[in-house]
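# Observations on the model geometry
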Amino acid sequence: MKALVFAVLSTLAFTACAADARISDADRLALYRANAGQPVQNFQYFGRLDGWTPLGDSALAVWTKPNTAYLIELKGTCQDLDFANAITVTNQSGRVYSNFDKVIVLGRGPNQIPCWIKEMRPIDVKALKAAEQEKRQAQTAEREQTS
């Protein structure tokens, strides 16, 4: 019984720490921008995304392969992007073009408003993961100093 109570309390404490270590949306977008290369006019699209991350209401990152990602900046805001369960990206013969293709948030009814792509930049995924880890460690150290 003591082991069960300890396990539950440990899990709750770990969950609280993990929640506190979350990076804010503004900081996350800054990290993605800092680890993105020069803008590209298009990128190859394999018919499905390996993943995507909303970065506020006017930017997102999409993974076309496990270690290939692009930062997509949109023209204006994209309704419900922060809360979407799924998106799709239009393409032309397997390529996504800036200023031509769009992101569409799925699951919000028949009135799906397209979000036009303004700019696309390849992301250095390894550097991004390292930067996110450093940011979390810095936040944890800062909290420990204030405690």
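Residues numbered from 1 in each chain as written. Predicted model: local features only at pLDDT ≥ 70, side-chain atom pairs only at ≥ 80, totals over all residues. Heavy atoms only, no water.

### Topic: helix H2 (residues 25–34)
- By the burial criterion, the buried members of H2 are Arg 28, Leu 29, Leu 31 and Tyr 32. Considered in projection along H2, the buried side chains sweep an arc of 160° and stay on one side of the axis. For H2, the exposed residues lying more than 90 degrees away from the buried face are Ala 26 and Ala 34.
- The secondary structure elements touched by the buried residues of H2 are strand E2 (51–54), strand E3 (59–65), strand E4 (68–74), strand E8 (115–123) and helix H3 (125–146). (Buried < 20%, exposed > 50% of the residue type's maximum accessible area, 1.4 Å probe, protein only. Helix = DSSP H or I, 4+ residues; strand = E, 2+ residues; numbered from the N terminus. Arc of directions from axis to C-beta. Contact = heavy atoms within 4.5 Å.)

### Some points on the state of the cysteines
- Enumeration according to the criterion identifies one disulfide in this entry.
- Covalently, Cys 78 is tied to Cys 115 through a disulfide, its sulfur atoms 1.8 Å apart. Across the disulfide from Cys 78 to Cys 115, rotation about the S-S bond amounts to roughly 70°, and the bridge is consequently right-handed. Residue Cys 78 is found in the loop between E4 and strand E5 (86–89), and its partner Cys 115 is found in strand E8; the two are separated by 37 residues along the sequence. (Disulfide = S-S within 2.5 Å.)

### A closer look at the side chain of Thr 53
- Note on placement: Thr 53 falls in strand E2.
- Ignoring any residue separated from it by four or fewer positions in sequence, one finds Thr 53 in contact with Arg 28, Tyr 32, Leu 60, Ala 61 and Trp 63.

### Some words on the nonpolar core
- Formed by 19 residues in total, the largest nonpolar core has its most connected members in Leu 60, Val 62, Ile 72, Leu 74, Ile 87, Val 103 and Ile 117.
- Contributions of two or more residues to this core are made by E3, E4, E5, strand E7 (102–106) and E8.
- Setting aside its immediate chain neighbours within four residues, Ile 117 contacts Ile 72, Glu 73, Leu 74, Lys 75, Val 89, Val 96, Ser 98, Asn 99, Asp 101, Lys 102 and Val 103.
- Membership of the second largest hydrophobic core comes to 15 residues, among which are Ile 23, Leu 29, Trp 63 and Ile 123. (Core = buried A, V, L, I, M, F, W, Y, C linked by side-chain atoms within 4.5 Å.)

### Quick look at the pattern of salt bridges
- For the structure shown, the criterion picks out three salt bridges.
- For the salt bridge of Asp 27 with Lys 135, the shortest nitrogen-to-oxygen distance reads 3.4 Å. Of the two residues, Asp 27 sits in helix H2 while Lys 135 sits in helix H3, which places them 108 residues apart along the sequence.
- On the basis of relative accessible area, Lys 135 is assigned to the partly exposed category, the value being 28%.
- A salt bridge links Arg 33 to Glu 73, with the nearest nitrogen and oxygen atoms 2.9 Å apart. Of the two residues, Arg 33 sits in helix H2 while Glu 73 sits in strand E4, which places them 40 residues apart along the sequence. (Salt bridge = Lys/Arg side-chain N within 4 Å of Asp/Glu carboxyl O.)

Everything listed here is a matter of coordinates, which is why it stays silent on function.
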